[in-house]
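Each chain, letter by letter, is given below.
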Amino acid sequence: MNEQQRKETSQINPVKQTNEQIDPETNLQRLKNMESDELIGKYFQTTYQPPNLKKAKKRLKKDVDIHYDFSIPEEMKGIGKGKKFLIRTYGCQMNEHDTEIMAGLLTDMGYQPADDTSDADVILLNTCAIRENAENKVFGEIGHLKPLKTENPDLIIGVCGCMSQEESVVNRILQKHPFVDIIFGTHNIHRLPSLLQEAMFSKAMVVEVWSKEGDIIENLPKVRKGNIKAWVNIMYGCDKFCTYCIVPYTRGKERSRLPEDIIQEVRQLAAQGYQEITLLGQNVNAYGKDFDFEYGLGDLLDEIRKIDIPRVRFTTSHPRDFDDRLIEVLAQGGNLLDHIHLPVQSGSSEVLRVMARRYTREDYLELVRKIRAAMPNVTLTTDIIVGFPNETDEQFEETLSLVEEVGFEAAYTFIYSPREGTPAARWEDNISMEVKKERLQRLNQLVNEQAKQAMLKYEGQVVNVLVEGESKKDPDVLSGYTERNKLVNFKAPKSLIGKIVQVKITKAKTWSLDGEYVEQPSEVY
Ligand code: SAH
Ligand code: SF4
Ligand code: F3S
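Owing to the predicted nature of the structure, the values given are computational and were not obtained by experimental measurement. (Residues numbered from 1 in each chain as written. Chains lettered and ligands numbered in written order. Predicted model: local features only at pLDDT ≥ 70, side-chain atom pairs only at ≥ 80, totals over all residues. Heavy atoms only, no water.)

**Side note on the overall build of the protein**
What counts is decided by this rule: Strands here mean DSSP runs of E at least two residues long; helices mean DSSP runs of H or I at least four residues long; both are numbered from the N terminus. Here the term buried applies to any residue with accessible area under 20% of the maximum for its type, exposed to any over 50%, and partly exposed to those in between, with areas from a 1.4 Å probe on protein chains only. The contact criterion used is simple: two residues touch if any of their non-hydrogen atoms lie within 4.5 Å. Here the open area of atoms and residues is found with the Shrake-Rupley method and a 1.4 Å probe, where only the protein chains shown may cover a residue. For the charge count, each Lys or Arg is scored as positive and each Asp or Glu as negative, with His and the chain ends excluded. To locate a charge, take NZ of a lysine, CZ of an arginine, CG of an aspartate or CD of a glutamate.
A tally of regular secondary structure across the protein gives 17 helices and 21 strands. Its C-alpha atoms put the protein at 70 × 60 × 50 Å along the principal axes. Each of the 525 residues in the protein was classed as buried or not, and the buried ones make up 56%. Sequence-distant contacts in the protein: of pairs separated by 6 or more residues, those separated by 24 or more amount to 76%. Accessible area for the protein stands at about 24000 Å²; split by element, carbon and sulfur atoms hold 46% of it. Across the protein, the 69 positively charged side chains and the 81 negatively charged ones have centroids separated by 1 Å.

**What about the site of ligand 2?**
The test is simple: Any residue with a heavy atom lying within 4 Å of a molecule or strand is counted as near it. Only Asp, Glu, Lys and Arg are considered charged, only Ala, Val, Leu, Ile, Met, Phe, Trp, Tyr, Cys and Pro nonpolar, and every remaining residue, Gly among them, polar.
The environment of ligand 2 is formed by Cys 238, Lys 240, Phe 241, Cys 242, Tyr 244, Cys 245, Val 247, Pro 248, Gln 282, His 318 and Arg 357. Of the residues contributing to the shell around ligand 2, the split by class is seven nonpolar, two polar and two charged.

**Concerning the site of ligand 3**
Defined as follows: Residue ranges assigned to each domain were obtained from an automatic or database domain assignment.
Near ligand 3 the following residues occur: Cys 92, Asn 95, Cys 128, Ala 129, Ile 130, Cys 162, Val 247, Arg 251 and Gln 282. Class assignment for the residues of the shell around ligand 3 results in six nonpolar, two polar and one charged. Counting only domains with at least three residues in the shell around ligand 3, you end up with domain 1 (3-208) and domain 2 (221-456).

**A closer look at the sheet that holds strand β13 (residues 311-315)**
Stated precisely, the cut-off is as follows: Strands were regarded as paired on the criterion that DSSP finds at least two bridges between them. Where helices are involved, their axes are fitted lines through C-alpha atoms of the stretch in contact, as for all axes, and angles between N-to-C directions lie from 0 to 180°.
Taken in spatial order, the three strands line up as β9-β12-β13 in an open sheet, and their pairing is parallel. If you trace the sheet from one side to the other, it starts and ends with β9 (229-233) and β13, each paired once. With strand direction ignored, the average angle separating the axes of adjacent strands in the sheet is 25 degrees. As defined by bridge partners, strand β12 (residues 276-280) adjoins β13 across five bridges and the pair is classed as parallel. Counted as the bridge partner of Ile 277 is Val 312 from β13. Running at roughly 170 degrees to β9, helix α11 (residues 259-271) makes contact with β9 and β12 of the sheet.

**Section: the confidence of the model for the protein**
In plain terms, the rule: pLDDT is a residue-level measure of predictor confidence that goes from 0 to 100.
Residues at a pLDDT of 70 or more form 91% of the protein, whose mean pLDDT is 90. Within the model, the stretch residues 1-24 combines pLDDT values under 50 with 44 contacts to residues more than four positions away or in other chains. Considering only residues more than four positions removed or in separate chains, one finds that residues 34-47, a stretch of pLDDT under 50, has 23 contacts.

**A short note on the state of the cysteines**
The cut-off we apply is this: Note on disulfides: each one is a pair of cysteine sulfur atoms within 2.5 Å.
Throughout the structure, instances matching the rule amount to zero disulfides. Cys 162 provides the cysteine sulfur closest to Cys 160, a residue in no disulfide bond, and the two sulfurs are 9.8 Å apart. Note on Cys 160: relative accessible area 1%, which makes it buried.

**Observations regarding the pattern of salt bridges**
What counts, and what does not: Salt bridge, as used here: a side-chain nitrogen of Lys or Arg that lies within 4 Å of a carboxyl oxygen of Asp or Glu.
Overall, the coordinates contain 31 salt bridges when judged by the stated rule. Here Asp 98 and Arg 251 are joined by a salt bridge, their closest N and O atoms 2.9 Å apart. Placement of the pair is Asp 98 in helix α6 (residues 93-108) and Arg 251 in helix α10 (residues 247-251), with a sequence separation of 153 residues. By relative accessible area, which is 7% here, Asp 98 ends up buried. Where salt bridges share partners, they join Glu 218, Lys 222, Arg 224, Arg 257 and Glu 265 into one cluster.

Below you can see the structure in the form of structure tokens.
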């Protein structure tokens, strides 16, 4: 973090805290009457510095500070009174959780959620940069928002998330979509209130993106989506630098939250009646590596399994850091579920080497063997990329054979997409789209077949299902997930929503199971 950012972080509240109650309307009027120079001098960062992927790549030794003293200045609290916000979220669970924090900040400013873009006073696009098509979707959506802005010039449109961390994206928005009011990144979400306020009074686009990660801010407000399942960040960033991946640049270096802060959050969620938590990080197995004491994900899970919350998941695991201590703790079961998402990316050791995954096909298979020995019922799922530069037919066949050998029950499969700033983007993207698509199709066929076979085993069995709500297709049907993450649809009273119930599976489909509610508890599969 540079000096400029350090100052800003230590001045999270640029306005002096007072106990005086300020009427939001009066405050808004006062701010409107101020000259814009005066406002800028008083509240806001004025110098625009574009984000820089090279700077984002640097990993400084400096420790990360943890702040527990965040609060929204009184003067900003009523700004959203009578107004509505809408946040569109793209990308991974990390972004979904960031959206919950932004919703918390906006709610504390008086905003209420809008049902639709036409009804919103603030629209934020929380973006994902992982593949080109993810970015294209967002640019399409920005284009769609333009007429709304023409109709209602007071509408505030913001772009945040991983795409904002890329200089090329910021430049493209500055040039082609000047109606966007705010651009901010993944490291300064807590600055949203100030940025929003600045955008309200400034004619120019407000751009604040930090190339280097900020500190950890513990007590940001959150409005969680639902009251059954919750995300809990355990770490931020990624230091793995797989050669195809933009995440280490957009999310900064690995920073772990302290165990006591995580445990306290999980306890609170348990007390609030949440049934399931998912611990989040780009590479959760690297949890604790940045501490100056010995403590890893296994140790953390060993403490969390003692908390009275029925289900605990974690994502995403990196095979390289999956250690024996973790396997030993997971094998104890209880609220630690029998499902591990373990991205492999490729079945060829040579492709894995150029991807810089730092394990071979044999290492991966050995890890799977160890996990299965300790957890015989485990369900394994994965992520796979096809068409990486120079991937030969034989190497792709190795991926197919690995999928079979491991017996993955589901996989997210992707066509390689070059990402500017990553090492792989400098190599020739020399597999034709036709071949890439053909490989993807063959892979998907195999994955679907395995998924279906895995589902068939459930027919006639009784499973525990956490009921999440009405099925999307039929409001008379309830749906939820098993411990091993299979979607189950069944008819039962709506009063069961939020509870863990038993369901007897009557029919297996490729991606879901149909079943009947079991009122009398029986032995589960
Ligand atoms: N941290 C996680 C994954 C984050 S991104 C991990 O390491 O497993 C989710 C998935 O997107 C990755 O697992 C990978 O399969 C895919 N992905 C990442 N970069 C990609 C790229 N440039 N092109 C295609 N797929 C990509
Ligand atoms: Fe990307 Fe690799 Fe980090 Fe996952 S571990 S986020 S694929 S760099
Ligand atoms: Fe996308 Fe950023 Fe997640 S690039 S996958 S939203 S970390």
